[in-house]
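Close look at the chain arrangement
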Amino acid sequence: MPTIGTVRARPSTSSSIVNGIDSDAVHELIDSVDDNPAKGMTHWRVASAWQGGTHSRAQVDGFAIGGVDVSRRFAIDIDEPFELGGGNAFANPQEYLLAALNACMIVGYTALCALQGIALEKLEITTEGDIDLRVFFGLDPTVAAGYRELRSSVVIKGDGTEEQFRKVHDMVMATSPNFYNITRAVRVAPELTIE
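The model shown is predicted, which means the values in this text are computed figures rather than measured ones.

**So, the overall build of the protein chain**
Counting its regular elements, the protein chain contains four helices and eight strands. The linear arrangement of helices and strands in the protein chain, starting from the amino end, is β-β-α-β-β-β-β-α-β-β-α-α. Judged by the C-alpha coordinates and their principal axes, the protein chain covers about 60 × 40 × 30 Å. Here the protein chain holds 195 residues, and 23% of them are scored as buried.

**Looking at the nonpolar core**
The biggest cluster of nonpolar side chains holds 12 residues, and these are Leu101, Met105, Tyr109, Leu112, Cys113, Ile118, Leu123, Ile125, Phe165, Val168, Met171 and Val172. In terms of residue count, helix α2 (residues 93-115) provides more of this core than any other element does, five residues in total.

**As for the pattern of salt bridges**
Evaluated as defined, the whole model comprises eight salt bridges. Linking Arg73 and Asp61 is a salt bridge whose minimum nitrogen-to-oxygen distance equals 2.7 Å. Within this pair, whereas Arg73 is found in strand β6 (residues 68-78), its partner Asp61 is found in strand β5 (residues 55-65), the two being separated by 12 residues in sequence. Here Glu162 makes a salt bridge to Arg166, at a shortest N to O gap of 3.1 Å. Of the two residues, Glu162 and Arg166 are both situated in helix α3 (residues 162-175); the distance of four residues between them amounts to about one turn of the helix. Overall, the relative accessible area of 54% leaves Arg166 in the exposed class. Put simply, Asp130, Glu149 and Arg151 are held in one network by salt bridges that share partners.

**Regarding α2**
If you check α2, its first and last C-alpha atoms are 33 Å apart, about what 23 residues at 1.5 Å a residue would give, namely 33 Å. Among the residues of α2, the N-terminal cap falls to Asn92, whose side-chain oxygen and the backbone nitrogen of Gln94 are separated by 3.1 Å. Gly117, located one to two residues past α2, shows a positive phi value of around 75°.

**Re the side chain of Thr127**
Along the chain, Thr127 falls in strand β7 (residues 120-129). For Thr127, the side chain forms a polar contact with the side chain of Asn102, separated by 2.5 Å. Those residues in contact with Thr127, other than ones at most four positions away along the chain, are Leu98, Leu101, Asn102, Met105, Leu150, Arg151 and Ser152.

**A look at a nonpolar patch on the surface**
A cluster of nonpolar residues, Leu84, Leu133, Phe136, Phe137 and Leu139, forms a patch on the protein surface that exposes about 550 Å² of accessible area. Structurally, the position occupied by Leu133 is in the loop between β7 and β8 (150-158).

**With respect to the pairing of β5**
Bridging between strand β3 (residues 42-44) and β5 involves three bridges; their strand directions are antiparallel. Looking at β5, one finds that Trp44 is bridged to Phe63. Pairing of strand β4 (residues 47-52) with β5 involves five bridges; the strand directions are antiparallel. Opposite Ala49, over in β5, you have Arg57 as the bridge partner. Between β4 and β5, which follow one another and run antiparallel, lie two residues, and Gly53 among them has a positive phi close to 60°.

Thresholds, definitions, all that
Residues numbered from 1 in each chain as written. Predicted model: local features only at pLDDT ≥ 70, side-chain atom pairs only at ≥ 80, totals over all residues. Heavy atoms only, no water. Helix = DSSP H or I, 4+ residues; strand = E, 2+ residues; numbered from the N terminus. Buried < 20%, exposed > 50% of the residue type's maximum accessible area, 1.4 Å probe, protein only. Core = buried A, V, L, I, M, F, W, Y, C linked by side-chain atoms within 4.5 Å. Salt bridge = Lys/Arg side-chain N within 4 Å of Asp/Glu carboxyl O. Expected span 1.5 Å × (residues − 1). Polar contact = N/O pair within 3.5 Å; in protein donor to acceptor, adjacent residues only side chain to side chain. Contact = heavy atoms within 4.5 Å. Patch = residues over 30% accessible without salt bridge, like charges linked within 9 Å, V, L, I, M, F, W, Y side chains within 5 Å. Areas by Shrake-Rupley, 256 points an atom, 1.4 Å probe, with all protein chains shown as cover. Pairing = 2+ DSSP bridges.

So this is what it looks like as structure tokens:
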């Protein structure tokens, strides 16, 4: 299985910025994590609150890397289409889920290409799938509650060879956190507090 260590040989380029990514800084981070794996541990947290109707707001206040807290503030608003009882003001949870998968893979393709000195001209990912609402509406408990399959299409263009792009593709499939999270069962243990 390919690993991030596979890309540690640095290409000879006049600039360390490739595809908008400082490849020297990424190599330094890779070396740092290789020397001390604790520096590669990250912690993520999102707090969501109901805003009325089907509207919720997710708040990001920061994350931690290598035991160091990093402050960053973002709000993400989520709603449902009119057809599903929502206000249609924002993308819905399924659209954010697919967007998060696509975005994570885009980071992987972009960074892995940058680390190998491959300049990208185009990178597009489309992911789609079907959800049967009968179980959500309590009509048929035998129906899967979510996606049974997702279909992704990746279109990539740049100065890499076909072999290089296939290698990058295999590495993204092996190393993308959200690809991993969606393609494998992740244990989730919700704790209920009633006030």
